Amino acid sequence: MTKYKLAPRFILNALKVRNETNVTIPSQIYKARSTYRSSLRGPYTEMQHLLKLIQQENYVHWTRRRENSDILRDIFWTHPDCIKLLNTFHFVLICDSTYKTNRYRLPLLEIVGVTSTSLTFSVGFAYLEKERQDNFIWAFEKVRMLFKSESLISKVIVTDRDLAMMNAISVVFPTSIHLLCRFHIEKNVGARCKQYVKKDRQEEVMDLWKKIVYSTSVEEYDHHLQQFEILCADIILFVDYVKDSWLTPYKERFVNVWTNRVMHLGNTTSNRVESAHWRLKNMLQTSFGDLCKSWDAVNMMLKNQICIIQSSFQKTIKDVEHGYNSQFFQNLHHCVSRKCMKLIDNQLERVKIVGTNKTECGCSIRTTHGLPCACELAKLQINGNAIPLDSIHDFWKQLSIAHELEDEESLSDYDFSEELEAMKAYMKTHDIISQRIFKAKVREVVFPHTTSILAPPEKVRTKGAGKKKKEFDTPRDPSYWEYVDASQESAKARQPSQSSQRSARQQSQSSQHSFKTQFPTYIRPYIEDIVDVVADGNCGFRAIAALLGWTEESWALVRSQLDKEIGLHKDVYSNVFDDNVESVRNSLKISKLGAQGKDKWMSLPDLGYVIATLYNVILVSLSRNLNMTFFPLNKSPSKETFGQSLLAIGFVNENHWVQVKLMLNVVY
């Protein structure tokens, strides 16, 4: 029961059902489980036991050590049937990393493909030391070695916008077309839309964004983009974000007019690999396990996965769905997958609208799926012909994983006679120490369970009060757009009642008076209002975000934009900061959301010039002892919008920033 992931409480219940007089208690179950697992490993280390399990199941695997160390750096493994599936259904790969799968906190790179029956299969798994380009290149090189020939290398690879992964793919798979996950792009743009755009306009803006993404021609794309720029003419920062972050560098990787030119089989998001993460974590149940437990979960998942895939093939070969019994489909019966027939049936529905008009049809499914489009089907119906089997791409005709991975020529390539003779010669010409080291290396290859590789050290936990949140739960951390959605929902939930609003107004007036007294007396008459912000170490950035017309919760965006501005103009700001650029940039970068330490507070005068220049505003800073005004370094604010171009903030209590509204049209 332990082997098949049954929880201790269910094991205990099963024992009680078998024997009502059983007096076993939960602690005994836990001890018995621990003893059982220890007996499986025996005298082997964790890595020796892992490689022994991998060898027993005939997995293909690679490992590499840290430099000048026996500690594991990266490990890649895959099942033999996964290799057969890859060489049978090699057209599309989908890649993504997941976390919280092991006690060492190693990120797991998972690569999946798709079968002709539209089921997801796993290609390989790589535990990587870090998510850096070098690690990804190593993992993808192993994936490339799994292809039987160069002609089978995947034509399309789908990922999210992980720059290290993207660079690695361009190195290892230079001829493959790299698409970006459309779902994640839409969510990120939606999150920024909620920060930049007023609520009553958000739906209209996002509808127009979707029209841009789903444009089917370059002319249509240009038209929708122009409409988008006009609609958001007063939100230039949002337009710049959309164009600079997505459309200009990556439009060919997610906009329909370009993605429809490649055979992606309908895979324009990374949803398949995200679902694979979920299935694996259901098997894992916990993130406290070692690599042996991770492999065990993967192995069980793969066996179930392969069984389901084989069943889907048999179902297609034996049965014909009632909806496809007509003579029009007769050539396809038992020869192509059900998913293929369903896609063709969808095109038949379009025939009623587009007929034989090729322009109206667009014919995109011929390119993206290798299937007859609506106008082709219309012509066949007019002529009274059935759908010919040769009009279907070979991908949809593959209904088996029995792919031969070797032939006589390939076997002759792997004759080890020359290598064995060289090894014997090496042993004869070297001293006893060199022979011993060489033999140990050979044994590690032939007998993996004798490896000297060590598992990576567990991450050290720092001292401090215990946290209620479980750091090692398998569910992933929220994405950026989910944080934004959560903040929007929490803002709604915090809508105060009338009595609380009155109380808040009274409290605000009191705090406003106390803040006002901290500024010089000659300035106080010109202060119209003071607005407080949340005091969490991000207060300065919150005040700037609110004064720019965004929500206070956009403080993280202000941090990011200021850091980007400094990075783009290092030569200018190095003079302003006295060559202390990196120190200022480090103060903008945070490793977590929530309260920040003093080293992450907004500091003036350093950031004053950056804020004024980036947002083209005049920034006024008030405090008890020092008042400063900052102007843009390379341009001047518009005279027509002077009121919007003048931002004022105040430093109070020696530890907090607030918004200050100054009276306009006053002779100072």
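What comes next concerns the included structure. Residue positions are given per chain, counted from 1 along the sequence in the order it is written. With pLDDT at 70 or above as the cut-off, local features in this predicted model cover only qualifying residues; side-chain atom pairs require 80 or more to be listed or tallied, and sums for whole chains, interfaces and linings still use all residues. As a rule here, side-chain values cover all heavy atoms of the structure and leave hydrogens and water aside.

1. Topic: empty space enclosed by the protein
Link 1 in the chain: Cavities and pockets were defined on a 1 Å grid built over protein atoms only: a cavity is a set of grid points that admits a 1.4 Å probe from which the probe cannot escape, a pocket is an open set flanked by protein on both sides within 12 Å along at least five of seven lines, and lining residues are those with an atom within 4 Å of any such point. Grid points are joined across faces, edges and corners, and a volume is the space filled by probe spheres set on the points. Scanning the model with the defined rule gives one cavity of 30 Å³ or more in all.
Link 2 in the chain: Approximately 60 Å³ is the volume attributed to the largest cavity.
Link 3 in the chain: Residue lining of the largest cavity: Thr316, Asp319, Val320, Glu321, Tyr324, His334, Val336, Ser337, Arg338 and Met341, and that is the complete set.
Link 4 in the chain: Among the residues making up the lining of the largest cavity, the classes are represented as four nonpolar, three polar and three charged. In the scheme used here, Gly and all other residues not listed as nonpolar or charged are polar, with Ala, Val, Leu, Ile, Met, Phe, Trp, Tyr, Cys and Pro taken as nonpolar and Asp, Glu, Lys and Arg as charged.

2. Points about the side chain of Arg559
Link 1 in the chain: Position of Arg559 among the secondary structure elements: in helix α24 (residues 555-568).
Link 2 in the chain: Apart from residues no more than four positions distant in its own chain, Arg559 is found in contact with Gly537, Asn538, Phe541, Ser587, Leu588, Ile590, Gln596 and Lys600. Strands are runs of DSSP state E lasting at least two residues, helices are runs of H or I lasting at least four, and both sets are numbered from the N terminus onward. The contact criterion used throughout is that any non-hydrogen atoms of two residues lie within 4.5 Å.

3. Overview of the sheet that holds strand β1 (residues 60-65)
Link 1 in the chain: An order of β1-β2-β5-β4-β3-β6-β7 is seen for the seven strands of this open sheet, with the pairing classed as mixed. Two strands in the sheet have a free side with no partner beyond their single neighbour: β1 and β7 (177-180). Ignoring which end each strand starts from, the neighbouring axes of this sheet average 20° apart.
Link 2 in the chain: In this sheet, β7 lies alongside strand β6 (residues 156-159) in parallel orientation, the contact comprising four bridges. Counted as the bridge partner of Val156 is Ile177 from β7.
Link 3 in the chain: Geometry is summarised by axes, namely lines fitted to C-alpha atoms with helices restricted to the contacting stretch, and by angles between N-to-C directions that run from 0 to 180 degrees. Docked against the sheet, helix α3 (residues 46-56) engages β1 and β2 (72-78), running at close to 15° with respect to β2. Pairs of strands are assigned from DSSP output, requiring at least two bridges between the strands.

4. Structural notes on the packing of aromatic side chains
Link 1 in the chain: Centres within 6.5 Å are what make two rings of Phe, Tyr or Trp a pair, Trp counting through its six-membered ring; a difference in plane orientation under 30 degrees is then read as stacked, over 60 as edge-to-face, and the rest as tilted. Taken as a whole, this structure holds 21 aromatic pairs when the rule is applied.
Link 2 in the chain: Measuring from ring centre to ring centre gives 6.0 Å for Trp550 and Tyr615, while their planes differ by 80°; the resulting arrangement is edge-to-face. Remark: Tyr615 occurs in helix α27 (residues 606-615) and Trp550 occurs in the loop between α23 (539-547) and α24; sequence separation between them is 65 residues.
Link 3 in the chain: With 4.9 Å between their ring centres and 50° between their planes, Phe651 and Trp657 make a pair best called tilted.

5. Digging into the packing of helix α7 (residues 182-196) against helix α8 (residues 199-213)
Link 1 in the chain: Interhelical geometry of α7 versus α8 gives an angle of 150° and a closest axis separation of 11 Å. Here α8 runs roughly antiparallel to α7, going by the angle between their axes. Handedness of the α7/α8 crossing: right-handed. Seen from α7, the contacting residues are Arg182, Ile185, Glu186, Val189, Gly190, Cys193 and Lys194; seen from α8, they are Gln202, Val205, Met206, Trp209, Lys210 and Val213.
Link 2 in the chain: Partitioning the contact of α7 with α8 into residue classes produces seven nonpolar, two polar and four charged. What sets the label is the angle itself: under 35 degrees gives roughly parallel, over 145 gives roughly antiparallel, 65 to 115 gives roughly perpendicular, and the rest give oblique. Should the near helix be turned counterclockwise from the far one by less than a right angle, the crossing is left-handed, whereas a clockwise turn marks it as right-handed.

6. Here we look at the side chain of Asp536
Link 1 in the chain: Relative to the helices and strands, Asp536 is located in the loop between β8 (527-531) and α23.
Link 2 in the chain: Classification of Asp536 as buried rests on a relative accessible area of 13%.
Link 3 in the chain: Once you skip the residues sitting within four places of it in the chain, Asp536 turns out to touch Arg542, Gly594, Ala595 and Gln596. Note on exposure labels: buried denotes an accessible area under 20% of the residue type's maximum, exposed denotes more than 50%, and partly exposed covers the range between, all computed with a 1.4 Å probe on protein chains only.

7. A look at the pattern of salt bridges
Link 1 in the chain: Whenever Lys or Arg places a side-chain nitrogen within 4 Å of a carboxyl oxygen from Asp or Glu, that contact is recorded as a salt bridge. The full count for this structure, using the stated rule, is 22 salt bridges.
Link 2 in the chain: The partner of Asp134 in a salt bridge is Arg73, and the shortest N-O contact between them spans 2.6 Å. Of the two residues, Asp134 is situated in helix α5 (residues 133-145) and Arg73 in strand β2; the sequence distance between them amounts to 61 residues.
Link 3 in the chain: Using a relative accessible area of 22% as the deciding quantity, one classes Arg73 as partly exposed.

8. Focus on the nonpolar core
Link 1 in the chain: Side-chain atoms within 4.5 Å are what join buried Ala, Val, Leu, Ile, Met, Phe, Trp, Tyr and Cys residues into a set we call a nonpolar core. Leu109, Ile111, Phe140, Phe173, Phe329, Ile387 and Ile392 are the most contacted members of the largest nonpolar core, which totals 74 residues.
Link 2 in the chain: It is helix α14 (residues 338-354) that contributes the most residues to this core, seven residues altogether.
Link 3 in the chain: Ignoring any residue separated from it by four or fewer positions in sequence, one finds Phe140 in contact with Cys95, Leu109, Ile111, Met165, Ala168, Ile169, Val172 and Phe173.
Link 4 in the chain: Core analysis: the next-biggest nonpolar cluster, separate from the first, contains 60 residues, Val257, Ile566, Met602 and Ile649 among them.

9. Comments concerning the sheet that holds β8
Link 1 in the chain: Strand order in the open sheet made by the five strands is β8-β12-β11-β9-β10, with mixed pairing throughout. Looking at which strands have only one partner, the edges of the open sheet turn out to be β8 and β10 (628-630). Ignoring which end each strand starts from, the neighbouring axes of this sheet average 25° apart.
Link 2 in the chain: Here β8 runs beside strand β12 (residues 656-662); their pairing, made up of four bridges, is antiparallel. Paired with Ile527 across the two strands is Leu662, which belongs to β12.

10. Examining the layout of surface pockets
Link 1 in the chain: Taken as a whole, the second largest pocket holds about 1,100 Å³ of empty space.
Link 2 in the chain: For the second largest pocket, the lining is made up of 33 residues, of which Lys5, Arg37, Leu40, Lys293 and Asp296 are closest to its centre.
Link 3 in the chain: Put simply, the parts of the chain that give the lining of the second largest pocket at least two residues each are α2 (26-41), α3 and α13 (291-318).
Link 4 in the chain: Sort the elements by how many residues they give to the lining of the second largest pocket and α2 lands first, with eight residues.
Link 5 in the chain: Looking at the lining of the second largest pocket, its residues break down into 13 nonpolar, nine polar and 11 charged.

11. Focus on helix α9 (residues 218-231)
Link 1 in the chain: The span one expects for a helix is its residue count, reduced by one, times 1.5 Å. In this model α9 runs 20 Å from its N-terminal to its C-terminal C-alpha over 14 residues, within 8% of the 20 Å that 1.5 Å per residue would give.
Link 2 in the chain: Buried within α9 we find Tyr221, His224, Leu225 and Phe228. One face of α9 carries all of its buried residues, which in axial projection span an arc of 105°. Turned more than 90 degrees away from the buried face of α9, the exposed residues are Glu219 and Ile230.
Link 3 in the chain: Structurally, α9 contributes buried residues whose contacts are with α8, α10 (236-250) and α11 (256-259). Starting at the helix axis, one direction is taken to each C-beta atom, and the arc is that of these directions.

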